[in-house]
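Results of the structural survey
Okay, here's what each chain looks like letter by letter:
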Number of protein chains: 2
Amino acid sequence: MDQRVVTLDNMNPHVIKMEYAVRGPLVIRATQLEKELQAGAQKPFSVVTKANIGDAHAMGQKPITFIRQVVSICLTPTLLDDPSFPDDAKQRAREVMAGCKGSSLGSYSDSAGIESIRRHVASYIQARDGHPSSWENIILCSGASEGIRGIMKLMVRHDNGNKPGVMIPIPQYPLYSASIAEFDLHQIGYYLDESTNWGLDLSEMERAYEEAKAVCTPKALVVINPGNPTGNVLSRENIEAVIKFAHERNLFLFADEVYQDNVYADGCKFHSFKKVTSEMGAPYNQMELASFMSCSKGYMGECGLRGGYAEVTNMDPEVKTMYLKSISAKLCPTTLGQAVMACVVNPPREGEPSYEQFLTEKKGVLSSLAQRAKMVVEAFNSVPGMSCNIVQGAMYAFPQIMLPEKAIAAARKAGQEPDVFYAFQLLENTGICIVPGSGFGQRPGTYHFRTTILPQPEMLKTMLEKFREFHTKFVEQYQ
Amino acid sequence: MDQRVVTLDNMNPHVIKMEYAVRGPLVIRATQLEKELQAGAQKPFSVVTKANIGDAHAMGQKPITFIRQVVSICLTPTLLDDPSFPDDAKQRAREVMAGCKGSSLGSYSDSAGIESIRRHVASYIQARDGHPSSWENIILCSGASEGIRGIMKLMVRHDNGNKPGVMIPIPQYPLYSASIAEFDLHQIGYYLDESTNWGLDLSEMERAYEEAKAVCTPKALVVINPGNPTGNVLSRENIEAVIKFAHERNLFLFADEVYQDNVYADGCKFHSFKKVTSEMGAPYNQMELASFMSCSKGYMGECGLRGGYAEVTNMDPEVKTMYLKSISAKLCPTTLGQAVMACVVNPPREGEPSYEQFLTEKKGVLSSLAQRAKMVVEAFNSVPGMSCNIVQGAMYAFPQIMLPEKAIAAARKAGQEPDVFYAFQLLENTGICIVPGSGFGQRPGTYHFRTTILPQPEMLKTMLEKFREFHTKFVEQYQ
């Protein structure tokens, strides 16, 4: 056998460095276990519960009928003549098709998306915030991740010795750490405050910024609201403080707002960064801000269809030209994902034939999620040695676990982080797949895990019972 | 106004450097002209003809019914009960859904795609080539571009002074030059031989390689077959010679084979690199090879739906692990694009209800394209001062144009490349949008343009007449 051309020794070191825990070794093992079960293997469990990823449909959530109808008509326009498809779905589909070259979703759209859909997104934002939004600032993308990476990429450069730095919350969603590693940017982690329900702590942000300044050039600040993996929903005060912080330090703001529909806790409300900067007036309404939305989350849960958008405010026009050029080499985001976004930002209105069903389905999903958010928190807080903040929003809980010294020692001996060790034990014993806190970041010496709240209520109940049983046994074993 | 955070002066210089001519300034102007016409402006033409991009549906090609039916059913499973949808489409949709978590295409698939579809791709390749293909080597992606960029990215590194080099044909498809610029790799251009219908010339490849060795570390060789923008189809001999060339120099092979269904000329046949390396035996069947396919081209033309695959052969297993990890941060390719690919590799078979219609539609598209390929070549060769090689395959012609000295001088005065100047004049006078040869690369002192052969026959005829008229006037003007 010849020497290979591309090997671990000579390949891109940044790809080697990047980690993406949500799909890491635990998930690979979980998939293996599923296959083993299918093949008839005997395990201490009969089903693998994938609570590792915010994948609602995989956990039994049903699609929103209206969205699926519109996209189906776009694909098969003869359904326009099918009386079982409602008129408003037909009207939306007609409008999407009219925005496509040759009236076919099989043609490439502009790289920034179909103009009529971009206009609907801008109207949606304007209605949500009560402040103007320009369709030319809307960039449709195949899921929010693509949008985030595309804009972060603009900041990459390695020629001045000092890497550009990106401030991200810890714990964070690993898309950020993975992209920062891949792009060879400098990661500036600021800890969220577990004692205030994972709130933003300005003095901690200040500490992180000051320490990083010595080794990098801070350029951007990422805020995830509602929080992933923390489930925190930022107060308006908190958001204003962050905006001032970013302005004083001349940072480009990334507002990851993909969970904007997922707010459950009493007294919590979603405030977009765009709205708050707008209302704070100059100079804050002049700041560079990119906000991201997705059809994968909310009540839609259409992860596989890959739809999303970025709203890019106050970007330098020359930089924006370069940004648009850079996405043109990827041709266009999936037109079907764009059609999904068209439904999300322009759903059935009162008086339209699909309105009642749409509202029932949407409310059904969101109220069930709210109920499950409570269930999860109560369950974990009732387990000795676990503590879990309120899940105010998003789709996750991030409980802390107290691990016995002996378990920590056993983990070290096995060459694993203690929370990874714990998660593997959980998986092998119960079939429950969660993501260890180290995949998101946590204060040294503390251990957490992220679980989604997505298993359907009955399944979630069983999962939580099995979890409690496992944890009790685990602690006993290593006490 | 504050100083912006991200400016042209401090942004990613590689994004500034990259160019993507297929969607460049000419196309932006063409879109502007369309809007002006819609707004009632008077122009020397009433319609803009976008012959700049291989976008079949935009030019009036109809979708393949079977593909659209399968994907519609996947979205709206109640269509399984609709008697107007054929059984084979239902069976394919059922199989795709069965491969999705929660039976919904709204769930994330594995990052490499839905296993059952990856298996069908492998069977398709095996049947096409007569040699084994492993489903674990198949990576589904949102269009071939994503696959190409994902694998090229593995080779990036900047720490040893010498950049990795990638050999690409000149003229080339600008995805390659754009990605090489963005990734800060070294572009090694080897000229195709216009005098042998854009054939590969080993001595020219040797020259390019030897010259580049001094300034970079050549790592990969890209071949586009059938050729874009050249329309050339490689002979088996030619392919064998290239494989030997790459093997001797230890290069990773990229076989861009997205036009494998688009072969028109008598005596021409598509040979996949995988088949040829397999049949050449050791050591050639041990070479690292990535081959790419797409649903955007062929007879499907489903550009907007974003489906494609890479077959990755003999990649170092550790590198492959890193590759799979790197794509996991993008979560998954669109499941609907994957469903399209499922149809492409597993179309209706003889005896199935959709077989006749599918075959009629497929043959209809391909025979019309073959006819248009001839039309275009004949038309351009009948214009004095133009010469055009046979379009053996793909969707493009790349004619050479002789520009008068005065036109070249006028272009220089306007600060444009002469072929860009020509293309802008063509656009402003006729509404025809083509891409200047400089966007693909050409031998210095020669001028070309790329046009698609995609406008429907009547439209194409009109376009060619207008083109001839323009060219004659242009030459007269600058003679």
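This section reports on the structure supplied with the text. Quick caveat, the model's predicted, so the values are computed rather than measured. (Residues numbered from 1 in each chain as written. Chains lettered and ligands numbered in written order. Predicted model: local features only at pLDDT ≥ 70, side-chain atom pairs only at ≥ 80, totals over all residues. Heavy atoms only, no water.)

Along the backbone of chain A there are 16 helices and 14 strands. The C-alpha radius of gyration computed for chain A amounts to 23 Å, which stays within 12% of the reference 23 Å derived for 479 residues, consistent with globular compactness. Its C-alpha atoms put chain A at 65 × 65 × 60 Å along the principal axes. Per-residue burial for chain A yields a buried fraction of 65% across its 479 residues. For chain A, restricting intrachain contacts to residue pairs at least 6 apart in sequence, the fraction spanning at least 24 positions comes to 71%. Carbon and sulfur atoms make up 52% of the accessible area of chain A, which amounts to about 16,900 Å² in all. Across chain A, the 48 positively charged side chains and the 52 negatively charged ones have centroids separated by 3 Å. (Helix = DSSP H or I, 4+ residues; strand = E, 2+ residues; numbered from the N terminus. Rg over C-alpha atoms; globule rule 2.2 N^0.38 Å. Buried < 20%, exposed > 50% of the residue type's maximum accessible area, 1.4 Å probe, protein only. Contact = heavy atoms within 4.5 Å. Areas by Shrake-Rupley, 256 points an atom, 1.4 Å probe, with all protein chains shown as cover. Lys, Arg positive; Asp, Glu negative; His and termini not counted. Charge placed at Lys NZ, Arg CZ, Asp CG, Glu CD.)

One key point about sheets: their strands pair by backbone hydrogen bonds, in either a parallel or an antiparallel sense. All names here are of chain B. An order of E2-E8-E7-E6-E5-E3-E4 is seen for the 7 strands of this open sheet, with the pairing classed as mixed. Whereas interior strands pair on both sides, the edge strands pair on one side only; in this sheet they are strand E2 (138–141) and strand E4 (186–191). Averaged over all neighbouring strand pairs, the angle between strand axes comes to 25°, with direction disregarded. Note that strand E5 (residues 216–224) and strand E6 (residues 252–256) share 5 bridges and pair parallel. Among the inter-strand pairings, Ala220 is bridged to a residue of E6, identified as Phe252. (Pairing = 2+ DSSP bridges. Axes fitted to C-alpha atoms, helices over the stretch in contact; angles between N-to-C directions.)

As a further point, take the relation of the copies chain A and chain B. Under the fitted operation, chain A is carried onto chain B by 0.0 Å of movement along the axis and a turn of 180°, and the coordinates agree to an RMSD of 0.0 Å. Taken together, the turn and the small shift mark the pair as related by a two-fold rotation axis. The rotation axis passes nearest to the C-alpha of Ser72 of chain A in chain A, at a distance of 2.4 Å. Both copies contact each other with a shared surface, as 100% of the interface residues of chain A are interface residues in chain B too. (Least-squares fit on C-alpha atoms with pLDDT ≥ 70 in both.)

Turning our attention to the interface of chain A and chain B. Contacts between the two partners involve 95 residues from chain A and, on the opposite side, 95 residues from chain B. Both sides together, the interface formed by chain A and chain B hides about 7,900 Å², and carbon and sulfur atoms give 55% of it. Inspection of the chain A/chain B interface yields 4 salt bridges. In this structure, Lys153 of chain A and Glu182 of chain B form a salt bridge, with 2.9 Å as the shortest nitrogen-oxygen distance. For the pair chain A and chain B, the interface holds 50 residue pairs in polar contact (both at pLDDT 80 or more). Among the secondary structure elements, those contributing two or more residues to the side of chain A that touches chain B are helix H1 (13–17), helix H3 (65–75), helix H6 (144–152), helix H7 (174–182), helix H11 (317–328) and helix H12 (335–345) of chain A. Its residues assigned to classes, the side of chain A that touches chain B comprises 41 nonpolar, 27 polar and 27 charged. (Buried area = accessible area lost by both parts, 1.4 Å probe. Salt bridge = Lys/Arg side-chain N within 4 Å of Asp/Glu carboxyl O. Polar contact = N/O pair within 3.5 Å; in protein donor to acceptor, adjacent residues only side chain to side chain. Nonpolar A, V, L, I, M, F, W, Y, C, P; charged D, E, K, R; others polar.)

Moving on: the side chain of Thr49 of chain A. The topology assignment puts Thr49 of chain A in strand E1 (residues 49–50). Leaving out residues up to four positions away in the same chain, Thr49 of chain A has contacts with Gly431, Ile432, Cys433, Pro455, Met459 and Met463 of chain A.

Attention now moves to the packing of aromatic side chains. Residue and element names in this part refer to chain A. Enumeration according to the criterion identifies 34 aromatic pairs over all chains in this entry. Pairing Tyr209 with Phe245 gives two aromatic rings, centres 6.2 Å apart and planes at 85°, and the pair type is edge-to-face. A residue pair is termed long-range when its members are at least 10 positions apart, and Tyr209 in helix H8 (residues 202–213) and Phe245 in helix H9 (residues 236–248) qualify at 36 residues. Residue Tyr209 shares its accessibility class with Phe245, and that shared class is buried. Here Phe380 and Phe467 contribute two aromatic rings whose centre-to-centre distance is 5.2 Å and whose plane-to-plane angle is 80°, an arrangement assigned as edge-to-face. Placement of the pair is Phe380 in helix H13 (residues 355–381) and Phe467 in helix H16 (residues 457–478), with a sequence separation of 87 residues. For Phe380, a relative accessible area of 2% translates into the label buried. By relative accessible area, which is 1% here, Phe467 ends up buried. Between the NZ or CZ atom of Arg249 and the centre of the ring of Tyr209, over which it lies, the distance is 5.5 Å. (Phe/Tyr/Trp six-rings, centres within 6.5 Å; stacked < 30°, edge-to-face > 60°. Lys NZ or Arg CZ within 6 Å of the ring centre and 35° of its normal.)

Turning next to the pattern of salt bridges. Think of it this way: side chains of opposite charge can pair up when their charged atoms draw near. Evaluated as defined, the whole model comprises 50 salt bridges over all chains. Between Glu36 of chain B and Arg29 of chain B there is a salt bridge, with its nearest N and O atoms 3.2 Å apart. Of the charged contacts, one joins Arg68 of chain B and Glu302 of chain B as a salt bridge, the two residues approaching to 2.6 Å between their closest N and O atoms. Of this pair, Arg68 of chain B sits in helix H3 (residues 65–75) while Glu302 of chain B sits in the loop between strand E7 (289–294) and strand E8 (308–313), placing them 234 residues apart in sequence. Classification of Arg68 of chain B by relative accessible area gives buried; the value is 5%. In the salt-bridge network here, residues are joined through shared partners; they are Arg29, Glu36, Lys43 and Glu428 of chain A.

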